[in-house]
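# A look at the structure
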Amino acid sequence: FVKIAGKEAAEGSWLTFSPDIKNVPTAKASVEAYEKQFGPVGPYSIYSYVAARLLFEGVKATGAKGPRDARKVADWIRKNTHQTALGTVRFDPKGDVGSRTYVVYETRDGQFVQITGLENQAAN
């Protein structure tokens with residue numbers, strides 16, 4: 001955003017996003033393992049990890065053998081509460097995440113600074 005808009009034009013802009021994953025205590029071990037193997041985490045790295053993990057757990061828990069068992073896996077994911085690197089995750093009957101935490105960032109001197117939510121710290 002800052003690169004495209006330019007530092008001066010971006011200054012003072014507000015945006016919403018999930019909290020900086022490095023500030024989420026339940027994600028600490030996952031972030032460390034990810035960075036050791038792949039380098040710096042991107043904005044969606046841990047979310048992709050959690051999604052894949054839930055899928056694999058669903059396959060294992062339901063004994064799914066192939067694509068015909070997809071509905072069984074999806075039902076298992078929706079019906080259970082999951083402890084993940086992002087904390088507790090639940091889904092509604094449609095498969096939407098039951099609750100999500102968003103914070104507000106303000107662009108200051110070319111950096112995103114969290115101004116509401118968990119901790120008011122600069123984001124990477």
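Presented here is a report on the structure given in the accompanying data block. Keep in mind that this is a model prediction, so the values were computed, not measured.

## A few points about the overall build of the protein chain
If you tally the helices and strands in the protein chain, you get five helices and five strands. Overall size of the protein chain, expressed as C-alpha extent along the three principal axes, is 55 × 35 × 25 Å. For the protein chain, with 124 residues in total, the buried portion stands at 32%. Of the contacts formed within the protein chain by residues at least 6 apart in sequence, a portion of 51% connects residues at least 24 apart. Carbon and sulfur atoms form 55% of the exposed surface of the protein chain, whose accessible area is close to 8400 Å². Separation of charge centres in the protein chain, based on 17 positive and 13 negative side chains, amounts to 11 Å.

## Details of the environment of Val73
Topologically, Val73 is positioned in helix H5 (residues 70-79). The exposure class of Val73 is buried, given its relative accessible area of 5%. Put simply, Val73 and Thr62 are 11 residues apart on the chain and 6.3 Å apart in space, counted from C-alpha to C-alpha. With sequence-adjacent residues up to four places away left out, Val73 is seen in contact with Leu55, Gly58, Val59, Thr62 and Ala64.

## Focus: unusual backbone geometry
For Asp109, which is not glycine, the phi dihedral falls at a positive 50 degrees. Residue placement: Asp109 occurs in the loop between strand S4 (103-108) and strand S5 (111-114). A relative accessible area of 53% means that Asp109 is categorised as exposed.

Cut-offs used in this document
- Residues numbered from 1 in each chain as written.
- Predicted model: local features only at pLDDT ≥ 70, side-chain atom pairs only at ≥ 80, totals over all residues.
- Heavy atoms only, no water.
- Helix = DSSP H or I, 4+ residues; strand = E, 2+ residues; numbered from the N terminus.
- Buried < 20%, exposed > 50% of the residue type's maximum accessible area, 1.4 Å probe, protein only.
- Contact = heavy atoms within 4.5 Å.
- Areas by Shrake-Rupley, 256 points an atom, 1.4 Å probe, with all protein chains shown as cover.
- Lys, Arg positive; Asp, Glu negative; His and termini not counted.
- Charge placed at Lys NZ, Arg CZ, Asp CG, Glu CD.

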